[in-house]
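Listed below, chain by chain, are the residues.
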Amino acid sequence: MVASMHYEDYIKLLLSSKPNEANLYKSAFIPNRLYKYYSLSDDSALNEKKFETLSRGEVYLSKMDEFNDPFEGKALYFNSALLEEKGWNRLLIETTSDMLRNNYRIACFCNAEEKEQNMPMWAYYANNHQGFCVEHKFNLDNMTFLYPVSYETKRILADKLMTTFINDMFDATQNHAPLSQEAQERMLLLYLTNIIKHKSWEHEREIRAVIPSPDGSRPYISAPPTNIYVGLNCSTEHCSHLIDVAKKFAPNCNIYKMTFDDNTSDSIQLQEISLL
């Protein structure tokens with residue numbers, strides 16, 4: 001069973017001005033090889049983009065509004081009526097929340113014990129084995145931006161956190177000064193809400209790359225493939241593209257075809273594809 005990270009301990013280290021210790025603690029829960037499932041469809045242009053990105057040893061970073069879950073980035077909520085009673089403008093709160101939410105780009109990876117054998121992930125994200133799965137390798141620099149997703153049953157009331165942060169930004173702007181240490185800590189807490197999902201998704205055991213990108217200029221992260229797994233129902237044409245990618249990274253990357261054998265107890269078997 002994969003151990004779970006306790007974000008209370010991580011945040012406590014950060015707020016104690018111990019960023020190195022915090023990163024060491026977090027890194028203990030993140031292997032340097034993670035799995036990502038990719039769908040392939042009738043959209044040849046989109047498929048080609050995925051092959052090209054993989055051939056560069058990169059992973060696309062999505063904007064929050066590109067996710068198919070409408071609850072992504074909605075970990076916080078506000079008591080609008082109470083805030084308005086205290087003189088706060090609802091639109092200002094919502095605009096600031098959206099700004100913080102859209103200041104980052106995100107890539108999602110799987111850290112489940114099943115690795116490439118995760119049947120729900122093949123169904124959810126690789127259009128029922130028509131796509132492929134990749135084992136990606138990360139360097140130490142990119143590990144800083146990787147976080148185990150925290151699965152929660154309830155959203156977080158953030159009236160005080162958000163209004164205090166808005167005041168922090170206003171004071172810094174008025175005084176032409178950088179954000180105070182306390183303000184940076186509040187911004188960090190708001191940043192970490194990007195790794196919260198509802199507990200019903202817990203079976204995915206997601207690791208999330210969250211990259212600051214206020215101007216949208218960093219849409220990719222370096223993560224070379226170390227193994228490629230071709231779906232059971234992946235077409236011959238798409239398989240050929242994936243073999244070309246594996247050849248580019250050989251001998252540091254192998255490629256396998258997922259197969260089904262009625263005469264074994266294993267659900268899915270791996271058949272290595274020769275790159276010679």
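Residues numbered from 1 in each chain as written. Predicted model: local features only at pLDDT ≥ 70, side-chain atom pairs only at ≥ 80, totals over all residues. Heavy atoms only, no water.

## Digging into the overall build of the protein
So, point 1. Assigned secondary structure in the protein consists of ten helices and 15 strands.
So, point 2. A total of 276 residues make up the protein; the buried ones form 43% of that total.
So, point 3. Pairs at least 24 residues apart make up 79% of the contacts formed inside the protein by residues separated by at least 6 positions.
So, point 4. Averaged over its 28 positive side-chain charges, the protein has a centre that lies 3 Å from the centre of its 37 negative ones. (Helix = DSSP H or I, 4+ residues; strand = E, 2+ residues; numbered from the N terminus. Buried < 20%, exposed > 50% of the residue type's maximum accessible area, 1.4 Å probe, protein only. Contact = heavy atoms within 4.5 Å. Lys, Arg positive; Asp, Glu negative; His and termini not counted. Charge placed at Lys NZ, Arg CZ, Asp CG, Glu CD.)

## Observations regarding the packing of aromatic side chains
So, point 1. Inspection of every chain in the model, using the stated rule, returns twelve aromatic pairs.
So, point 2. On the basis of an interplanar angle of 10 degrees and a centroid distance of 4.8 Å, the ring pair of Tyr 38 and Phe 132 is categorised as stacked. Of this pair, Tyr 38 sits in strand S1 (residues 33-38) while Phe 132 sits in strand S6 (residues 132-137), and the two are 94 residues apart along the sequence.
So, point 3. Relative to Phe 132, the ring of Phe 51 has its centre 6.2 Å away and its plane inclined at 25 degrees; by these criteria the two rings are stacked. One end of the pair, Phe 51, is in helix H3 (residues 44-55); the other, Phe 132, is in strand S6, and 81 residues separate them in sequence.
So, point 4. By relative accessible area, Phe 51 is classed as buried at 4%.
So, point 5. Given the relative accessible area of 0%, Phe 132 is considered buried.
So, point 6. Above the face of the Tyr 38 ring, Lys 36 is positioned so that its terminal group lies 5.8 Å from the ring centre.
So, point 7. In this arrangement the basic side chain of Lys 36 is found over the ring face of Phe 109, its NZ or CZ atom lying 5.5 Å from the centre. (Phe/Tyr/Trp six-rings, centres within 6.5 Å; stacked < 30°, edge-to-face > 60°. Lys NZ or Arg CZ within 6 Å of the ring centre and 35° of its normal.)

## Considering the environment of Leu 146
So, point 1. The residue Leu 146 is located in strand S7 (residues 146-148) in this model.
So, point 2. Each C-alpha atom, one on Leu 146 and one on Ser 200, is 21 Å from the other, the two residues being 54 residues apart in sequence.
So, point 3. The contacts of Leu 146, once residues within four sequence positions are left out, are Lys 26, Ile 30, Leu 34, Phe 138, Ile 207, Arg 208 and Ala 209.

## Structural notes on the nonpolar core
So, point 1. Grouped together as the largest cluster of nonpolar side chains are 32 residues, with contacts concentrated most on Phe 132, Phe 138, Leu 146, Ile 228, Leu 242 and Ile 255.
So, point 2. Going through the elements one at a time, S1, H3, strand S5 (104-110), S6, strand S11 (206-212), strand S13 (225-230) and helix H10 (236-249) are the ones with two or more residues in this core.
So, point 3. Per-element tally for this core: the top contributor is H10, with six residues.
So, point 4. Ignoring anything within four residues of it in the chain, the contact list for Ile 228 reads Leu 54, Cys 133, Val 134, Leu 242, Val 245, Ala 246, Cys 253, Asn 254, Ile 255 and Tyr 256. (Core = buried A, V, L, I, M, F, W, Y, C linked by side-chain atoms within 4.5 Å.)

## Thoughts on the pairing of strand S14 (residues 254-259)
So, point 1. Burial runs high along S14: five of the six residues are buried.
So, point 2. The sheet contact formed by S13 and S14 spans four bridges and is parallel. Residue pairing for S14: Val 230 is matched across the bridge by Lys 257.
So, point 3. The parallel pair S13 and S14, bridged by H10, forms a crossover whose chirality is right-handed.
So, point 4. When S14 meets strand S15 (residues 269-272), the two strands line up antiparallel, connected through four bridges. If you follow Thr 259 over to S15, its bridge partner there is Gln 269. (Pairing = 2+ DSSP bridges. Right-handed = clockwise from strand over helix to strand, strands pointing away.)

## What to know about the state of the cysteines
So, point 1. All told, the structure shown has zero disulfides when counted by the stated rule.
So, point 2. The thiol of Cys 239 is not disulfide-bonded; the next cysteine sulfur, from Cys 234, is found 5.9 Å away.
So, point 3. You can see Cys 253 has no disulfide; the closest cysteine sulfur is in Cys 133, sitting 11 Å from it.
So, point 4. Given a relative accessible area of 1%, Cys 253 falls into the buried group. (Disulfide = S-S within 2.5 Å.)

## Concerning the packing of helix H5 (residues 90-101) against helix H8 (residues 159-174)
So, point 1. At a minimum axis distance of 11 Å, the contact between H5 and H8 shows a crossing angle of 80 degrees. With respect to H8, the element H5 is oriented roughly perpendicular. Contact residues: Leu 92, Ile 93, Thr 96, Ser 97, Met 99 and Leu 100 in H5; Met 162, Thr 163, Phe 165, Ile 166 and Met 169 in H8.
So, point 2. Classifying every residue of the contact of H5 with H8 by side-chain character gives eight nonpolar, three polar and no charged. (Axes fitted to C-alpha atoms, helices over the stretch in contact; angles between N-to-C directions. Parallel < 35°, antiparallel > 145°, perpendicular 65-115°, else oblique. Nonpolar A, V, L, I, M, F, W, Y, C, P; charged D, E, K, R; others polar.)

## Describing unusual backbone geometry
So, point 1. Here the amide bond leading from Ala 250 into Pro 251 is cis, since omega sits at 5 degrees, within 30 degrees of zero.
So, point 2. By secondary structure assignment, the location of Pro 251 is in the loop between H10 and S14.
So, point 3. Of note in this structure, Ser 17 is not a glycine but carries a positive phi near 60 degrees.
So, point 4. Inspection of the secondary structure puts Ser 17 in the loop between helix H1 (7-15) and helix H2 (19-27).
So, point 5. The phi angle at Asn 128 is positive, at roughly 55 degrees, despite the residue not being glycine.
So, point 6. Its location among the elements puts Asn 128 in the loop between helix H6 (119-125) and S6.

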